[in-house]
Amino acid sequence: MAKRIFSLLAFLGLFAGAAAPAYADLTCGSDSPVFNNTAMDFSTIPNQINTSVPINTVIYSKETVATIWCGKTMTGTNPFTEEEIFINRVTTTNILGSNSGLTVYVTINGNRGTTGKAYGTGVLTNKPWTNGLDTEYLDRVTVNVTVELVKTGENQSLNPKSNNIQLFTVGSQGGGDVQYYLRNNSYLNFTIQTCDVYGDGNFSAELSPLSVNSIHAPGAIDSPSRDFEVLINCNSDLWSTQNILMKITGENISGMENLGLYKWKNISTGEEAPDMALQLLQGASGSYEPVVPGQNFVIGNFDESRTLVRIPLRAKYYATGVSQLAPAEVRSVLVYNIDYQ
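Residues numbered from 1 in each chain as written. Predicted model: local features only at pLDDT ≥ 70, side-chain atom pairs only at ≥ 80, totals over all residues. Heavy atoms only, no water.

**Structural notes on the sheet that holds strand E5 (residues 83-89)**
Consideration 1: Reading across from one edge, E2-E12-E11-E5-E8 is the order of the five strands in this open sheet, with mixed pairing throughout. Looking along the sheet, the strands with just one partner apiece sit at the ends: strand E2 (38-41) and strand E8 (117-125). Direction aside, the axes of adjacent strands within the sheet are offset by 15° on average.
Consideration 2: Bridging between E5 and strand E11 (residues 165-171) involves four bridges; their strand directions are antiparallel. Residue pairing in the sheet places Arg89 in a bridge with Phe168 of E11. (Pairing = 2+ DSSP bridges. Helix = DSSP H or I, 4+ residues; strand = E, 2+ residues; numbered from the N terminus. Axes fitted to C-alpha atoms, helices over the stretch in contact; angles between N-to-C directions.)

**A closer look at the nonpolar core**
Consideration 1: Ile68, Leu167 and Phe168 are the most contacted members of the largest nonpolar core, which has 34 residues in total.
Consideration 2: With 31 residues, the next largest nonpolar core counts Ile221, Ile232, Val309 and Tyr340 among its residues. (Core = buried A, V, L, I, M, F, W, Y, C linked by side-chain atoms within 4.5 Å. Buried < 20%, exposed > 50% of the residue type's maximum accessible area, 1.4 Å probe, protein only.)

**Quick word on the packing of aromatic side chains**
Consideration 1: Under the defined criterion, the tally for this structure stands at four aromatic pairs.
Consideration 2: Arranged with centres 6.4 Å apart and planes meeting at 55°, the rings of Phe203 and Tyr336 form a pair that is tilted. One end of the pair, Phe203, is in the loop between strand E14 (195-197) and strand E15 (219-234); the other, Tyr336, is in strand E23 (residues 335-340), with 133 residues separating them in the sequence.
Consideration 3: For Phe203, a relative accessible area of 30% puts it in the partly exposed group.
Consideration 4: A centroid spacing of 5.9 Å and a plane angle of 40° characterise the contact between Trp264 and Tyr317, whose relative ring orientation is tilted. Of this pair, Trp264 sits in strand E17 (residues 261-266) while Tyr317 sits in strand E21 (residues 308-319), and the two are 53 residues apart along the sequence. (Phe/Tyr/Trp six-rings, centres within 6.5 Å; stacked < 30°, edge-to-face > 60°.)

**Observations regarding the state of the cysteines**
Consideration 1: One pass over the structure, following the stated rule, counts two disulfides.
Consideration 2: Each sulfur of the disulfide joining Cys28 and Cys70 lies 2.0 Å from the other. Residues Cys28 and Cys70 are joined by a disulfide whose S-S torsion is about 110°; by sign, that bridge is right-handed. Here Cys70 lies in strand E4 (residues 58-73) and Cys28 lies in strand E1 (residues 26-30), a separation of 42 residues in the sequence.
Consideration 3: The buried category is assigned to Cys28, whose relative accessible area is 8%.
Consideration 4: Residue Cys70 is classed as buried on the basis of its relative accessible area of 0%.
Consideration 5: In this model Cys195 forms its disulfide with Cys234; the gap between the sulfur atoms is 2.0 Å. Of note, the bridge from Cys195 to Cys234 carries an S-S torsion of about 105° and is right-handed in sense. (Disulfide = S-S within 2.5 Å.)

**Structural notes on the sheet that holds strand E16 (residues 243-249)**
Consideration 1: Ordered by their spatial adjacency, three strands build an open sheet running E20-E16-E23, and the pairing between neighbours is antiparallel. Edge positions in the sheet fall to strand E20 (297-301) and E23, since each has one partner strand and no second. Direction aside, neighbouring strands of the sheet carry axes that sit 30° apart on average.
Consideration 2: Sheet topology places E16 next to E20; four bridges connect them, and they run antiparallel.

Okay, structure coming up:
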């Protein structure tokens, strides 16, 4: 519980006011002809947030790196004394609304937080700044600040404090005239739309016939094979660092899961086809790898802002033996699931 201090607080305030550096003692700026003081802008990135993401998920992270010059303002309170250049975090608690379930963290010098605090850069200067003169001779600091939007509770409603909110400044301790903002907060909104099946969600592939007389040893059979795609529709406006995952399940060959082997069933009898399996490979990562039954693999991410996601698959025959091979018309039915992480 916060302590209530009356006369003592006023007394300490007078001391702090006398000892702290003046806000206007440093004038700072950038050498860049087009200086960007936007730490994050919801109008330039996908701005819909999936309400189903787990708590503590970092939805978005952006690093700001800039070189800032600073000089003493000759009209300040102490124009000839050295002053340290500070990076100041502004309090960001509930800036998007107390029921938003979202927290904006600002990390300065490795210190991640939401409360206002000044961090010294270790760079001291007493070089004078004069309006209109070259700033080449002034001291400089490199600013490296990370801004993160994190889900920290249930997403109920958004109520930003303003459309543009100051996050951190560079200059004198406690404040500075180089100011960075979280912009266009009115663009932000919640959604439950992530990805949906394409069409009816069912896909099929037919392999060319294989002569069992050509199989003389167990192992992978390179030909014939069949490449095909599974398609899903995704929300390209969703703002998330989450990966889109796929998991495929079905009756698999026990003990050979890492090879991505699934059972063939005889269409006429419904029985398992002996000594022959379906091998399923996925090429979402660029090279084809076995689809391990029940194991997620990454098929994309929302950073790519793709509306249609294509998952390349390859179906092959795989001989698990040779002694019981027999001609048959076979099929294998598998189930896929889409998830996010």
